[in-house]
Number of protein chains: 2
Amino acid sequence: MDFASILIMMVTLIVLAYAASAIFERFGLIGLIGEIVIGVLIANLAIGDWSFLGMLDINMGDDPSQNYEIIELFAELGVIFLLFSIGLETKVKELLSVGKAATLVAIAGVVVPFVAGFALILVYDGNAHHALFLGAAMVATSVGVTARVIKDMKLINTKETRIIIAAAVIDDVLGMMVLAMVVAMTATGGAASDIVVISVEALVFVLAAMASALWIVPRLYNFFEERRKKKVAKGKGASKGIDKLILAIAVCLGFALVASQIGLAAIIGAFFGGMLLAEYAPRWKLEEKMESITALFISFFFLNVGMHVDLGSMTSLTVVLLSAIIILLAIATKYVGCSLGARLGDKSLTKGSRDIIGVGMVPRGEVGIIIAAIGLASGAISSELYGAAIMMAVATTIIASPLLAWAFRKKYPPEYEPAPEELV
Amino acid sequence: MDFASILIMMVTLIVLAYAASAIFERFGLIGLIGEIVIGVLIANLAIGDWSFLGMLDINMGDDPSQNYEIIELFAELGVIFLLFSIGLETKVKELLSVGKAATLVAIAGVVVPFVAGFALILVYDGNAHHALFLGAAMVATSVGVTARVIKDMKLINTKETRIIIAAAVIDDVLGMMVLAMVVAMTATGGAASDIVVISVEALVFVLAAMASALWIVPRLYNFFEERRKKKVAKGKGASKGIDKLILAIAVCLGFALVASQIGLAAIIGAFFGGMLLAEYAPRWKLEEKMESITALFISFFFLNVGMHVDLGSMTSLTVVLLSAIIILLAIATKYVGCSLGARLGDKSLTKGSRDIIGVGMVPRGEVGIIIAAIGLASGAISSELYGAAIMMAVATTIIASPLLAWAFRKKYPPEYEPAPEELV
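All values derive from a computational prediction rather than experimental measurement.

A. Focus on a nonpolar patch on the surface. Residue and element names in this part refer to chain A. A cluster of nonpolar residues, W215, I216, L220, F223 and F224, forms a patch on the protein surface that exposes about 550 Å² of accessible area. By secondary structure assignment, the location of I216 is in helix α10 (residues 192-233). Accessibility expressed as a relative area gives 49% for I216, which makes it partly exposed.

B. Fine view of the relation of the copies chain B and chain A. It takes a turn of 180° to lay chain B on chain A, together with a shift of 0.0 Å along the axis; the resulting RMSD is 0.0 Å. With respect to symmetry, the two chain copies, as superposed, fit the operation of a two-fold axis. When C-alpha positions in chain B are compared against the rotation axis, the closest is assigned to I293 of chain B, at 2.6 Å. In this assembly, 100% of the residues forming the interface of chain B have copies in chain A that are likewise at the interface, indicating an isologous arrangement.

C. Representation of the pattern of salt bridges. Residues and elements named next belong to chain A. Within this structure, the stated rule accounts for 16 salt bridges over all chains. Here E94 makes a salt bridge to R162, at a shortest N to O gap of 3.7 Å. Of this pair, E94 sits in helix α5 (residues 92-97) while R162 sits in helix α9 (residues 159-185); the two residues are 68 residues apart in sequence, bridging distant segments of the chain.

D. The arrangement of the interface of chain B and chain A in detail. At the interface, 44 residues of chain B touch 44 residues of chain A. Between chain B and chain A the total buried area reaches about 3,700 Å² when both faces are included, carbon and sulfur atoms providing 79% of it. In this assembly, chain B and chain A are joined by zero salt bridges. On the surface where chain B and chain A come into contact, there are two residue pairs in polar contact (both at pLDDT 80 or more). Element by element, the count of residues in the side of chain B that touches chain A is highest for helix α1 (residues 3-26) of chain B, at 12 residues. When grouped by side-chain class, the residues that make up the side of chain B that touches chain A number 29 nonpolar, six polar and nine charged.

E. Region of interest: the packing of aromatic side chains. As enumerated under the stated definition, the model contains 27 aromatic pairs over all chains in all. For the pair Y221 of chain A and W284 of chain A, a centre-to-centre distance of 6.2 Å together with 50° between the ring planes defines the contact as tilted. Of this pair, Y221 of chain A sits in helix α10 while W284 of chain A is found in helix α13 (residues 281-284), placing the two residues 63 residues apart along the sequence. With a centroid separation of 5.3 Å and 75° between ring planes, the pair formed by F74 of chain B and F300 of chain B is classed as edge-to-face. Of the two residues, F74 of chain B sits in helix α4 (residues 66-88) while F300 of chain B sits in helix α14 (residues 286-307), which places them 226 residues apart along the sequence. The class of F74 of chain B is buried, set by a relative accessible area of 1%. By way of ring pairs, the aromatic residues F74, F81, F297 and F300 of chain A together with F74, F81, F297 and F300 of chain B are connected into one cluster. Cation over ring: K244 of chain A sits above W284 of chain A, and NZ or CZ is 5.3 Å from the ring centre.

The rules behind these values
- Residues numbered from 1 in each chain as written.
- Chains lettered and ligands numbered in written order.
- Predicted model: local features only at pLDDT ≥ 70, side-chain atom pairs only at ≥ 80, totals over all residues.
- Heavy atoms only, no water.
- Patch = residues over 30% accessible without salt bridge, like charges linked within 9 Å, V, L, I, M, F, W, Y side chains within 5 Å.
- Areas by Shrake-Rupley, 256 points an atom, 1.4 Å probe, with all protein chains shown as cover.
- Salt bridge = Lys/Arg side-chain N within 4 Å of Asp/Glu carboxyl O.
- Helix = DSSP H or I, 4+ residues; strand = E, 2+ residues; numbered from the N terminus.
- Buried < 20%, exposed > 50% of the residue type's maximum accessible area, 1.4 Å probe, protein only.
- Least-squares fit on C-alpha atoms with pLDDT ≥ 70 in both.
- Contact = heavy atoms within 4.5 Å.
- Buried area = accessible area lost by both parts, 1.4 Å probe.
- Polar contact = N/O pair within 3.5 Å; in protein donor to acceptor, adjacent residues only side chain to side chain.
- Nonpolar A, V, L, I, M, F, W, Y, C, P; charged D, E, K, R; others polar.
- Phe/Tyr/Trp six-rings, centres within 6.5 Å; stacked < 30°, edge-to-face > 60°.
- Lys NZ or Arg CZ within 6 Å of the ring centre and 35° of its normal.

This is the structure we're talking about:
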């Protein structure tokens, strides 16, 4: 392994991403879009012969270079730590209180885009396999982008945020089932029984995590706290106890691992890991501690989203037009589906709140990219459709961020401080 | 890249390292030794067929597995961030104030072990190449271990600490010159002129870093601070300014990179990067922020030191005896050389202070391992001597930690709070 070349890459990318983010924010734009744009530029310029960027040795083709694999690793760790941080500020009771609304948001947000994507491609080229996969790619919601906007705006403790997060969790479970069905139907391996198995696994995981947060973790905490108090009472001098940051890191990565093993997104696991410790996070100062770690990695996530864009594939007018239609459809259907679900699920939500929820679910991010990649690898979609799906995943991410920030600001002006009754 | 297998590896290693460290500390031992021991166990058991550890997919042979390369990357990042943190708490004036003592400690600490190691191997097998390389491996000081002990004991602001750190910097420059000479003399590439070039580069780097810390950085800071104040005075509302954590990470990695490019250890560069920001670290809360990042990575460093031990090579009595003699000699000569240097360099140092300095310079850690590996790769030493050198690097690390903690505790009892006059 060439450590020096990894150091060059890390320093260059961290500085470039930060500079782009700062410049975008200077002009009133969303910082993460600057990071995605830098990713697009790097991936599309480095493939040429610009010697300085050539030093980065980023090769994303069939034989990904080691440096690119490090970027992917850091990207994945970054978004895992980000969702863990969101989990740290989300109590399970708050999540359950929005259960009905979130479920309807998720279901409508899955059905509407899938049907629309399926119909579009069926009309476009008549190939049902193509249509199924593109529909599946349009279902995915990447909550990483929304989470970053929410975190940057310090609006984690709003009802809309909780609905979006809960809906994203359910959406991920549903999306996984859709993907399993699509894979089975396009006969690239996998059977109907698989769908049942992974759906049950995912459900058990989510329920077990919530039950642990409600009943097991508090009991464990009280047990150790009692023991510590008894020791102190006996004059034995309390041991310093387990290192809370190491505990948090282990829980975060462990939950991400289990989730990814049963077919859920790793970030969904990390979110539940954070929720498990939400009750104790403030007194253990976990948010501040995790924030530094997240800051080291998170830019790689947005850079990496941008790096998947291959501008070279946007040469034919058909592809450009198709991509544009898919992008518009992806935004419209997710927004319509989710805000409709919100209206059905919770009558008390205002138009402003439904807008936030509808827009917040739009970004497809890395989840859409992963699904498109599975389709391409299994031969179920053409490379032309793959390119369009990637453009859709990246464009929804870029377009949704400022819309979400704007929708949030409309309801919660900068001087907003949450009132206790809004936190339910 | 198999992300799930990297997650399994990370979680397993972080938990095992923490558990070992906690158990060792419970029995009054130094935590990092527990981490090294776990490293030895993993490397030597995983090579067998224990299926659970087999999952870790750690292969350190000729074809290192990707997981092992990730461990090495995290190990290197961990010790870089650790030395950066030490730098953050070291002001350049404090470092210069111990310049004379540190220089003599470093010189005596290089000459004595080199001559002893060279003589031993010349007597043992009469091969001058072998003797030169083992002498060079015995010169190296790995300040990472000492830094961790000092940091865990919260004794960064003592005079002894400053002398050790400054001497380790000079030692690294000297050690690099010794290695360059040895490589040139064993004719494995490299010429006498190279020695001059890299020595000059190293000297320029160190002087430039110190000059920047003294004159350039304060002027830059004042410039931006003035500009910010003027803006506020004009009622323009201050911009939030550059993100201090990102700045710190970029400086840390950037300095590590430059140092490694000119042949110095990356950790020495990171230390100087930290020193550059030492004046502003408290108000920017950089120590706390870097501590979380270091905590994520640093266990990999100590695990990795242990993983280099190949117990399988310790089968012949000759190798075991030779290793034992080299270990004893490595400890004795570094201790004698450095405490002698301390006595010559600063008459005001007590016996207790000289003991701390002598013991603090003993660990050879990863630097000794790197030099031995260069010797093996170039064919200048036998695999038998390589094994012995690795054992020496690891054993000095393990043995020095408790001795250092004990020597520090003798002078600075647990209730010690530094008096202002001691901080000069």
